[in-house]
Amino acid sequence: MRLYATVAAGGFRRHATYRMATAAGVFTNTVFGFILSYTYIALWDERPRLGGYEMADALAYVWIGQALIAVCGLMGGGFQEELMERIRTGDIAVDLYRPADLQAWWFASNAGRGAYQLLGRGVVPMAVGALAFDFTLPSRPLTWVAFLVAVALGSIVSFAIWYLVAMSAFWLLDGQGVAQVAWLGGLFFSGMLLPLNVFPGWLGEVARTLPWASMLQVPADVYLERYEGWGLLRAYGFQGGWAVALLAAGRVAQWAATRKVVVQGG
């Protein structure tokens, strides 16, 4: 555990060195937050209480999304390209023979990255949004704790998805196609464009059961206090269930990849 804690700390420090990239990310997230906010204002003026949200709830949803883009990997896990490159060049063979678990290593590194992105690219855009717009704030201090737990679980689901995407490069000449599909899936089914509660009929039902819902829709609804008591536990169970299932799939993919490397190396 000490090794992986060190890896997580290294991941935090690594991303903290890219200060200009962080500043650019904060600026971009803030600008898109304003664009989406005014779009949502126009939409909710025409359709009040769309998806069960008041205007203030919808605006909070916008800025939560901008805060979590990098934290929960809504547009990319932040590590999959590096891992796919190591697979493509064959350097991954060295990683697999190291006395450290590959999935746990990247998980720890991604946890450090996510923690930094929460502080570096999450807090400022949301603070700017709170100053510029009248959006919903939690009525109870413990809601912030519940929200952070949901964000952490969403980040784990995100890691598990992008780890599987990266591992696909073992069997494909180029994993970029799978990455593009995952990117589009995350963009649409996480609720980044519109809350999943707005999606009609069977599309909404399907979207709310897919793993991407764990990354934004569930944390946003926890923040908006739409879950309480057992409902909150069920929301966590939904996220945790997808996290366990996808991490297990990643273990299977890693085992198959290790066997492939051993056979080819032998």
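Residues numbered from 1 in each chain as written. Predicted model: local features only at pLDDT ≥ 70, side-chain atom pairs only at ≥ 80, totals over all residues. Heavy atoms only, no water.

Draft legend 1. Fine view of the overall build of the protein chain. A tally of helices and strands in the protein chain yields eleven helices and zero strands. Its C-alpha atoms give the protein chain a radius of gyration of 19 Å, within 12% of the compact-globule value 18 Å for 266 residues. Seen along its three principal axes, the alpha-carbon backbone of the protein chain occupies a region of about 65 × 40 × 35 Å. Expressed as a percentage of contacts within the protein chain between residues at least 6 apart in sequence, the contacts between residues at least 24 apart total 79%. Carbon and sulfur atoms make up 68% of the accessible area of the protein chain, which totals about 13100 Å². For the protein chain, the separation between the mean place of its 18 positive charges and that of its 16 negative charges on side chains is 10 Å. (Helix = DSSP H or I, 4+ residues; strand = E, 2+ residues; numbered from the N terminus. Rg over C-alpha atoms; globule rule 2.2 N^0.38 Å. Contact = heavy atoms within 4.5 Å. Areas by Shrake-Rupley, 256 points an atom, 1.4 Å probe, with all protein chains shown as cover. Lys, Arg positive; Asp, Glu negative; His and termini not counted. Charge placed at Lys NZ, Arg CZ, Asp CG, Glu CD.)

Draft legend 2. Layout of the packing of helix α4 (residues 80-89) against helix α7 (residues 141-167). Remark: α4 packs on α7, axes separated minimally by 9 Å, with the N-to-C direction vectors making an angle of 25 degrees. In terms of axis orientation, α4 runs roughly parallel to α7. The two elements α4 and α7 cross, and the hand of that crossing is right-handed. Counted together, Q80, L83, M84 and I87 of α4 and W162, Y163, V165, A166 and M167 of α7 form the full contact between these two elements. (Axes fitted to C-alpha atoms, helices over the stretch in contact; angles between N-to-C directions. Parallel < 35°, antiparallel > 145°, perpendicular 65-115°, else oblique. Left-handed = near helix turned anticlockwise from the far one by under 90°.)

Draft legend 3. Region of the structure containing the nonpolar core. Counting 68 residues, the largest nonpolar core has I64, L83 and Y223 as its most contacted members. When residues in this core are grouped by element, the largest group, 14 residues, is from α7. (Core = buried A, V, L, I, M, F, W, Y, C linked by side-chain atoms within 4.5 Å. Buried < 20%, exposed > 50% of the residue type's maximum accessible area, 1.4 Å probe, protein only.)

Draft legend 4. Geometry of a nonpolar patch on the surface. Together, F12, L119, V123 and V124 make up a nonpolar patch on the protein surface, roughly 330 Å² of accessible area in all. Ranked by residues supplied to the nonpolar patch, first place goes to helix α6 (residues 102-132) with three residues. Structurally, V124 is set in helix α6. Using a relative accessible area of 38% as the deciding quantity, one classes V124 as partly exposed. (Patch = residues over 30% accessible without salt bridge, like charges linked within 9 Å, V, L, I, M, F, W, Y side chains within 5 Å. Salt bridge = Lys/Arg side-chain N within 4 Å of Asp/Glu carboxyl O.)

Draft legend 5. Examining the pattern of salt bridges more closely. One pass over the structure, following the stated rule, counts seven salt bridges. Across the pair R226 and D221 runs a salt bridge whose closest N-O atoms are separated by 3.5 Å.

Draft legend 6. Main features of unusual backbone geometry. With a phi close to 60 degrees, R49 is a non-glycine residue in the positive phi region. You can see R49 is positioned in the loop between α2 (19-46) and α3 (55-68). Notably, E225 is not glycine yet its phi reads approximately 60 degrees, a positive angle. Here E225 is to be found in the loop between α10 (217-223) and α11 (230-265). What makes E225 buried here is its relative accessible area of 19%.

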